Amino acid sequence: MKQKKIPMRKSLVSNEQFPKRDLLRIAYNKEGQILIDPTGKAHGRGAYIALLNKEAQDAKKKRVFDRAFQTKIADEFYDELIAYVAHQVARRELESTTYSADLAPDYD
C-alpha cells in the first residue's frame, strides 16, 4: 500500500516545518478581519504557528502576524491567540493521559 503524503507547513515563529495538523492557521480575509481558523478552511491568506504555548507568546512578542499580513493587529487578538493555544495544549495533554485500574478506588 502506498504511503499517504503528510502535508507540511512552516511555523512563522520558529521557521520549523511541522505536519499541517499540528499547526494552527490564522486567516486574514479581504474585509481586513484576522481570525483563528481551527478548521484550516477559512477564506483568505493563511499563516501558521505551532500549537505550543511558547510559540503563541513569542508571536505576540515578535508581532509576527503584523509582518506576515502587513497590517497593524490589536494586542487583544494576540491575547485571544495565547488563551486559545493554552486551551488546545491542555486538551491534547488530557487526551494523551491514560488511567490505570490500579489507581481506581476499591469499593469492596
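A short tour of the structure in this document, coming up. (Residues numbered from 1 in each chain as written. Predicted model: local features only at pLDDT ≥ 70, side-chain atom pairs only at ≥ 80, totals over all residues. Heavy atoms only, no water.)

Time to look at the nonpolar core. L24, I26, I49, F65, L81 and V85 are the most contacted members of the largest nonpolar core, which totals 18 residues. Looking at this core, the elements that each hand over two or more residues are β3 (23-28), β5 (45-50), α1 (53-62), α2 (64-69) and α3 (75-96). Ranked by the residues each element gives to this core, the list is headed by α3, at five residues. With sequence-adjacent residues up to four places away left out, I26 is seen in contact with I34, L35, I36, R45, G46, A47, F65, F69, F77 and L81. (Core = buried A, V, L, I, M, F, W, Y, C linked by side-chain atoms within 4.5 Å. Buried < 20%, exposed > 50% of the residue type's maximum accessible area, 1.4 Å probe, protein only. Helix = DSSP H or I, 4+ residues; strand = E, 2+ residues; numbered from the N terminus. Contact = heavy atoms within 4.5 Å.)

Per the stated rule, a full pass over the model turns up five aromatic pairs. Their ring planes at 70 degrees and their centres at 5.9 Å tell us that F77 and Y78 sit as a pair that is edge-to-face. Each member of the pair, F77 as well as Y78, is classed as buried. Three or more aromatic residues link up through ring pairs in this structure, and these residues are Y28, F65, F69, F77 and Y78. (Phe/Tyr/Trp six-rings, centres within 6.5 Å; stacked < 30°, edge-to-face > 60°.)

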